[in-house]
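Understanding the architecture of this molecule
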Amino acid sequence: MARSQEEIEELSICKDAQIMIEKAEKDGVVTVWDRFKAQQPQCTFCKQGLSCRNCSMGPCRIVPGKARSLGVCGANADTIVARNFGRGVAAGAAAHSDHGRDLLETLDAVANSETQSYEIRDVDKLLRIAKELGINTEGKETLQVAKDLSSTLFDEFGIKKGNIGFTMRVPEVRRKLWESLTISPRGVDREVVEMMHRTHMGVDQDPVSLLLHAARVSLSDGWGGSMVATELSDILFGTPKPVESKVNLGVLKEDEINILVHGHSPIVSEAVLTAVRDKNNIERARAAGAKGINLAGLCCTGNELLMRQGIPMAGNHLMTELAIATGVVELVIVDYQCIMPGLIPAMNCYHTKMVTTSPKAKFPGAEHVEFSVKNARTQAQKLVEMAIELYKKRDKNRVLIPVEPVSMMSGFSNEAILEALGGSLAPLLDAIKSGKIRGVAGLVGCNNPRRKHDYCHVTLTKELIKNDILVLGTGCSAVAMGKAGLYMPEAASLAGTGLSSVCKALNIPPALHVGSCVDNSRILHLCGLVAKELGVDISDLPVAGSAPEWYSEKALSIGLYFVASGVYTVLGVTPNITGSKLVTDLALNGLTNVVGACFAVDTDPHKMAELMINHINKKRKKLNLPV
Ligand code: CUV
C-alpha cells in the first residue's frame, strides 16, 4: 500500500528524498525503507550481540541468567558480545585500510612508471610526508621519493616491527598511554588478523582483553590505513582547497548525460572525471543529442571528488536508490563499500546500468568493467561511451528531477584550514581560548533507516554551531549538512555570536566539509596538532565526536579510534553490545579510566548536543578556559 504524505515525511527530512520515495513507489522501485519494514521485527539476540556463529557447534543464542546462558563451547554473554564487536571493528578497519592499500599500489605504480593513468599532483605534500616518515629526500628525484615512501608504507601495513609512523602525530603522553595498555597500533594487517585469531573458538575469552585489542585494531585504521588513504589521495590527486559546488538530486541534469560515481576510492572516480572532461567525449555526447556529460557523486567517492575537484554531490547513503528513480541516470559506476545490492533491481526499472569496477566487489546483475592501475584511462573511456549509448534509451516520460540544487563549500583539508588561518593554528587556538569558539565537534558517518534520514545530522549540527562549537563533517553526515545549507558562509547567521564572528572574519561556514570517511584521519591529525601545540593530551581538548545515524562496521572502527585517541564520542544508533552489561558499562563509562574517553548513546539530537556541549564545557574548565 502506498505511503501517505505523513508517513513519507517520517522517513526523511529532505524534500528530494520525500518526492522521490513517492515516485519510486509509483515506478515499482523497492527501496531500503521497504526492505527495512519487511525485516521487522528484527532479531533481538543479534541486536544485543548475543548470537554467535563463529563455529559449527553453534549457532548459539544466549539468554543470560537462564538455562541457555552459555554457548555450546561455554562462552558467556560478555565473551560473545565482545567477540562480535571485535569482529565488526576488524571488518571496518579492514575496509578502510584495504582502500588505503589501493592508493598505495597506485602510488607505487606511478613511482615505477608503470602507469599512464595517474600522476603525482602534489609533489610538496609527497616530500613533506616522506620527510615526516623519516625518509631522506635530499637531492632525490620525485619518483625516487615516491618509491621510498611506498616501500615504507607497504611495510607499515603488515610486517614492520614497532609502531606505525603516523602515531608520531599523537602527543607523547598518549603514545605512552597506548604503550602501557599494549594497544599501540602495529600494521593494520597484523591487528585485523590477530582479531580474527582471538575471536576464533577457544582463544581470547576475556571481554576486556578483546575490547582492548579492538581499540588497537581501530587505531591501526585511524592512524594507519585511513590516514594512508587520505595522505596518498592528496599526493596523487591534489590536496583539497576551498571550492564551491552544489548538492542534492537537483544536481542531475535533464538535458545532459548523467553519470554517478558511488563507493569510496578516488582511483576510479578520478579516472572517470578525466574521461568526462575529454573534449571528444563532450562532442560525442552532443552528437547523441545531449547538451553535455554531467558527473555527480554519491557517498564517499563523491566526497573525494567534491573535496578536490568541486564535482557536485547527488546524495548520501539512503539517496542512492532514489537517485536512480529520477530516471535520468545513465550509468552508476561503483567501486566498493556502502553500495546496496538493492540498486540492481532499482536500475532494472529504468534504462540505467550499474557497472562494477573492482575485482573485490562484484554484483550479480551489474556489468563488470574491471579497473586496474594500468588500464584506468581506457576503461573510463569505455564507460563514458557506454553512458552515451544508454542516453539514447532514456524514457523522457519517466523523468523527475525533484528540486533545485543547494550551494555548498567544500575542500577544507587541514592544509586549507591552516591557510585560511594565515599559516598557523594560533588564531584558532586564540578563538578557542577566548571562548569565541567553545570547542570543535567531528560529525561523521552514515545514514540508517532506523533514523529519520538526515534529521540527526542536521539538528545536531545546528545545535552545536548555535553554541559556538565549530563542526567538522565527513562522509554522509557532511552531505546532510551540505543539503541543509550549513556549508555556506551565510550559515554563520545560525551560529552563536562568537563562532559567527570568526566565520565572518574568515568568510568560512560554521561547519566545514573535511572529506570522506577515511578523511576522519584529518580530524585525528588536527586533534594531534592542537594537543601538541597546547602541550596537553587529546583527551584534554574541548572536542567531541558523533556518528548520529551510523550503520556500517567502518563507523564502529571510526568511533572506537576516536575514543581510543581520547575523543568522547556520541552515537545515535546503539551498537549491538547491550547483551553484556560489562561490555556496555565499559563502552559508556569504564573506558574513561582507561583511555580518557568513552562512548555515549542517545537517539535525540538535542540530547546528543547537550552531552557534547557538557563534555566540552568540562574540558574547558579543566584547562582554565572561560565556560
Ligand atoms: Ni564512507 S560508511 S554510508 S559512504 S558515511 Fe556514508 Fe561514507 Fe557511512 Fe558509507
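Residues numbered from 1 in each chain as written. Predicted model: local features only at pLDDT ≥ 70, side-chain atom pairs only at ≥ 80, totals over all residues. Heavy atoms only, no water.

For the chain, an unreviewed UniProt entry supplies the name Carbon monoxide dehydrogenase and the organism Thermodesulfobium acidiphilum. Regarding the chain, the UniProt comment filed under Catalytic activity (unreviewed entry) reads as follows: "CO + 2 oxidized [2Fe-2S]-[ferredoxin] + H2O = 2 reduced [2Fe-2S]-[ferredoxin] + CO2 + 2 H(+)". (UniProt positions renumbered as here; feature names shortened; annotations may be inferred.)

Digging into the overall build of the chain
A tally of helices and strands in the chain yields 25 helices and 16 strands. In terms of overall size, the chain behaves like a compact globule, its C-alpha atoms giving a radius of gyration of 24 Å where 627 residues would be expected to give roughly 25 Å. Taken over the C-alpha atoms alone, the chain extends approximately 65 × 65 × 50 Å along its principal axes. Carbon and sulfur atoms make up 53% of the accessible area of the chain, which amounts to about 23300 Å² in all. For the chain, the distance from the average position of its 70 positive side-chain charges to the average position of its 68 negative side-chain charges is 3 Å. (Helix = DSSP H or I, 4+ residues; strand = E, 2+ residues; numbered from the N terminus. Rg over C-alpha atoms; globule rule 2.2 N^0.38 Å. Areas by Shrake-Rupley, 256 points an atom, 1.4 Å probe, with all protein chains shown as cover. Lys, Arg positive; Asp, Glu negative; His and termini not counted. Charge placed at Lys NZ, Arg CZ, Asp CG, Glu CD.)

Some words on the UniProt feature "binding site: [4Fe-4S] cluster 1" (unreviewed entry) in the chain
Annotation from UniProt places "binding site: [4Fe-4S] cluster 1" (unreviewed entry) at Cys43. Mapped onto the elements, Cys43 comes out in the loop between α3 (32–38) and α4 (44–48).

Re the site of the ligand
Lining the immediate surroundings of the ligand are His264, Cys299, Cys300, His317, Cys338, Gly445, Cys446, Cys476, Cys517, Tyr551, Ser552 and Lys554. Residues that form the shell around the ligand fall into these classes: seven nonpolar, four polar and one charged. Domain assignment of the residues forming the shell around the ligand places at least three in each of domain 2 (243–398) and domain 3 (412–622). (Near = heavy atom within 4 Å. Nonpolar A, V, L, I, M, F, W, Y, C, P; charged D, E, K, R; others polar. Domains from an automatic or database assignment.)

Focus on the coordination of the nickel atom of the ligand
Around the nickel atom of the ligand, the protein contributes the donor atoms His264 (NE2), Cys300 (SG) and Cys517 (SG), which lie 2.3 to 2.7 Å from the metal centre. The sequence pattern formed by the donor residues of the nickel atom of the ligand is H-x35-C-x216-C. In this pair, His264 sits in the loop between β4 (257–262) and α11 (266–277) while Cys300 sits in helix α13 (residues 299–309), placing the two residues 36 residues apart along the sequence. Accessibility assignment for this pair places His264 and Cys300 in one class, buried. (Donors = N, O, S within 2.8 Å, 3.2 Å for Na, K, Ca; no water. Buried < 20%, exposed > 50% of the residue type's maximum accessible area, 1.4 Å probe, protein only.)

Concerning the pattern of salt bridges
What the rule picks out here adds up to 39 salt bridges. Between Lys140 and Asp148 there is a salt bridge, with the nearest N and O atoms lying 2.7 Å from each other. Judged by its relative accessible area of 31%, Lys140 falls in the partly exposed class. (Salt bridge = Lys/Arg side-chain N within 4 Å of Asp/Glu carboxyl O.)

A short note on the pairing of strand β8 (residues 353–356)
Examined bridge by bridge, strand β7 (residues 329–334) and β8 share four bridges and lie parallel to one another. Across the sheet, Val334 pairs through a bridge with Thr356, a residue of β8. Handedness of the crossover joining β7 and β8 through helix α15 (residues 343–348) is recorded here as right-handed. (Pairing = 2+ DSSP bridges. Right-handed = clockwise from strand over helix to strand, strands pointing away.)

Brief notes about the packing of aromatic side chains
Evaluation of the coordinates by the stated rule reveals three aromatic pairs. With a centroid separation of 5.4 Å and 40° between ring planes, the pair formed by Tyr561 and Phe562 is classed as tilted. Comparing Tyr561 with Phe562, the two get one shared label, buried. Lys452 extends its terminal NZ or CZ atom over the ring of Tyr455, reaching a point 5.5 Å from the ring centre. (Phe/Tyr/Trp six-rings, centres within 6.5 Å; stacked < 30°, edge-to-face > 60°. Lys NZ or Arg CZ within 6 Å of the ring centre and 35° of its normal.)

Some thoughts on the UniProt feature "binding site: [4Fe-4S] cluster 2" (unreviewed entry) in the chain
Taking the UniProt record as the reference, the feature "binding site: [4Fe-4S] cluster 2" (unreviewed entry) is found at Cys52, Cys55, Cys60 and Cys73. Spanning 22 residues, the annotated positions come together in the fold, the maximum distance between their C-alpha atoms being 10.6 Å. Inspection of the secondary structure puts Cys52 in strand β1 (residues 51–52). Residue Cys52 is classed as buried on the basis of its relative accessible area of 10%. With residues up to four places along the chain from it excluded, the contact list for Cys52 reads Pro59, Cys60, Ile80 and Arg83. Structurally, Cys55 is set in the loop between β1 and β2 (60–61). (Contact = heavy atoms within 4.5 Å.)

Brief notes about the pairing of β7
The buried count for β7 comes to six of six residues, which makes it a mostly enclosed element. Where β4 and β7 come together, five bridges link them in parallel fashion. Directly across from Val261, in β7, lies its bridge partner Ile333.

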